Amino acid sequence: MILVTGGAGYIGSHTIKALLERGYRVVALDNLSVGHREFVLCEDFVQADLLDRAALERVFEKYPIRSVIHFAARTAVGESVENPEIYYYNNVVGTLNLLSAMRAHGVDEIVFSSSAAVYGDPEVLPIPEDHPKRPKSPYGKTKLMMEEILSDYSHAYRIKYVALRYFNAAGSDPEGEIGEWHDPETHLIPIVLEAAYGIRDHVEIFGTDYPTPDGTCIRDFIHVVDLAEAHVLALEKMREGKANTAYNLGTGVGHSVREVIEACKKVTGRDFKVVDGPRRPGDPPALVADPTKAKRELGWEPRYTDLEEIISTAWAWMRKLYSRR
Ligand code: UFG
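Residues numbered from 1 in each chain as written. Predicted model: local features only at pLDDT ≥ 70, side-chain atom pairs only at ≥ 80, totals over all residues. Heavy atoms only, no water.

J.: A description of the pattern of salt bridges should follow, citing residues and the corresponding values.
T.: Under the defined criterion, the tally for this structure stands at 22 salt bridges. Between R66 and E109 there is a salt bridge, and its shortest N-O distance comes to 3.8 Å. In this pair, R66 is assigned in the loop between α2 (53-62) and β4 (67-70) and E109 in strand β5 (residues 109-115), connecting sequence segments 43 residues apart. Residues E109 and R239 are paired through a salt bridge, measuring 3.1 Å at the closest nitrogen-oxygen approach. Taken together, the residues span a long stretch of sequence, with E109 in strand β5 and R239 in helix α7 (residues 224-239) at a distance of 130 residues. Beyond isolated ion pairs, a larger network of salt bridges with shared partners links K17, D173, E175 and E177. (Salt bridge = Lys/Arg side-chain N within 4 Å of Asp/Glu carboxyl O. Helix = DSSP H or I, 4+ residues; strand = E, 2+ residues; numbered from the N terminus.)

J.: Give me the packing of helix α6 (residues 188-197) against helix α8 (residues 257-268): which residues, what numbers.
T.: Between α6 and α8, whose axes approach to 10 Å, the crossing angle comes to 45°. Comparing the axis directions of α6 and α8 gives the class oblique. Regarding α6 and α8, the two cross each other, and that crossing is right-handed. Note on element contacts: α8 touches α6 through V257, V260, I261, C264 and T268, opposite L188, I189, V192, L193 and A196. Taken together, the residues of the contact of α6 with α8 sort by class into nine nonpolar, one polar and no charged. (Axes fitted to C-alpha atoms, helices over the stretch in contact; angles between N-to-C directions. Parallel < 35°, antiparallel > 145°, perpendicular 65-115°, else oblique. Left-handed = near helix turned anticlockwise from the far one by under 90°. Contact = heavy atoms within 4.5 Å. Nonpolar A, V, L, I, M, F, W, Y, C, P; charged D, E, K, R; others polar.)

J.: Please set out the site of the ligand residue by residue, giving values where relevant.
T.: What surrounds the ligand is a group of 19 residues, the closest being L188, E204, R219, R280 and D283. With respect to the ligand, the side chain of N168 contributes an N or O atom lying 2.9 Å from an oxygen atom. The separation between an oxygen atom of the ligand and a polar main-chain atom of T186 is 3.4 Å. Protein contact buries 90% of the 690 Å² of open area that the ligand shows by itself. Secondary-structure elements contributing two or more residues to the shell around the ligand are α6 and β8 (202-206). Each residue belonging to the shell around the ligand can be placed in one class, and the counts come to ten nonpolar, five polar and four charged. (Near = heavy atom within 4 Å. Polar contact = N/O pair within 3.5 Å; in protein donor to acceptor, adjacent residues only side chain to side chain. Areas by Shrake-Rupley, 256 points an atom, 1.4 Å probe, with all protein chains shown as cover.)

J.: Requested: an account of the environment of P213, with residues and values cited.
T.: You can see P213 is positioned in the loop between β8 and β9 (218-219). Given the relative accessible area of 83%, P213 is considered exposed. C-alpha separation for the pair P213 and K266, spaced 53 residues apart in sequence, amounts to 21 Å. (Buried < 20%, exposed > 50% of the residue type's maximum accessible area, 1.4 Å probe, protein only.)

J.: Let's hear about the sheet that holds β9: which residues, and what values?
T.: Read from one edge of the open sheet, three strands run β12-β9-β14, paired in mixed fashion. Only two strands of the sheet have a single neighbouring strand rather than two, namely β12 (255-256) and β14 (286-287). Note: β9 against β12, two bridges, orientation antiparallel. Its bridge partner being in β12, I218 is matched across the sheet by S256. (Pairing = 2+ DSSP bridges.)

J.: Let's hear about the packing of α8 against helix α10 (residues 307-323): which residues, and what values?
T.: Viewed as axis vectors pointing N to C, α8 and α10 meet at an angle of 60°, and their least axial separation amounts to 9 Å. The angle between α8 and α10 places the two elements in the oblique class. As α8 runs across α10, the sense of the crossing is right-handed. In contact with E259, V260, A263, C264, K266, V267 and T268 of α8, α10 contributes L307, E308, I311, S312 and W315. When the residues that make up the contact of α8 with α10 are grouped by side-chain class, the tally is seven nonpolar, two polar and three charged.

Next up, the structure:
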């Protein structure tokens, strides 16, 4: 059985769906601080916090867990700057508790949800995995610390791990069962689609004077279904012995904020107000993955390489979400 922490979150819930489709048995754990209970598609669900060691112990006693996929973490960059304590406790201490429970129960396989935030400002593009790691926010620092803890544990205690560094997760389950739903929303594509839907007055572009072709930031948008698929592949390859390493997950192609806005207008067929604003502190001008290693070693190939197609799945989900509210 596979324990998925953070299974009620955006990427966790899509990964559970992919695991169930492959016939894996799954138990989800989530404290529901930001996740949604209805996103958990597996039968077994435990509402618990990784900081609650007794609850974790009960989970490992009750279920025959063989591997862990670990998503549970706070994920907002800005919030982590304002309140780092929540990040160091939830992300780092939570992971230590999880690893203790794993060791106590002889569970030695973990796929870890990492982030492009470990790199900080890129020195080269596209970014390879061995790029210097200079995270700019407490959030990014916690992700790097957790990778380093996993590496040390793999040497000392022989656990096996794979860290997956996501670039910009986007899109939603094409079947519309689950999707992206953050409150408050801070991510570009859902914000732009909210403006298209009419529940947001305008979109503000954070910075139009970057050293990029149109002056706005460039990001690598990777579909959440492709991310989910990579977790399943990482788990399987880890079991075959390919472990204790990190992979970038991105398409390798960047799109600017203005391009995303134009693509959203095209996909939705709607126009809305766009305002040029100042830079958001901490944003690197461009983040684009070099995904060669994941393709080569995991046999991973992103299916959604077209930005408009990614946006279409997000738009279908948003219309469903708001029509039932
Ligand atoms: N942006 C706007 N207007 C908005 C929202 C976003 O112009 O209203 C811009 C941002 O300034 C940025 C781009 O759109 O240039 C993408 O912003 P997001 O907030 O959607 O995503 P980030 O690239 O900031 O964050 C992502 C992940 C984080 C991860 C980070 C790594 O969501 O988890 O990449 O830097 F930490």
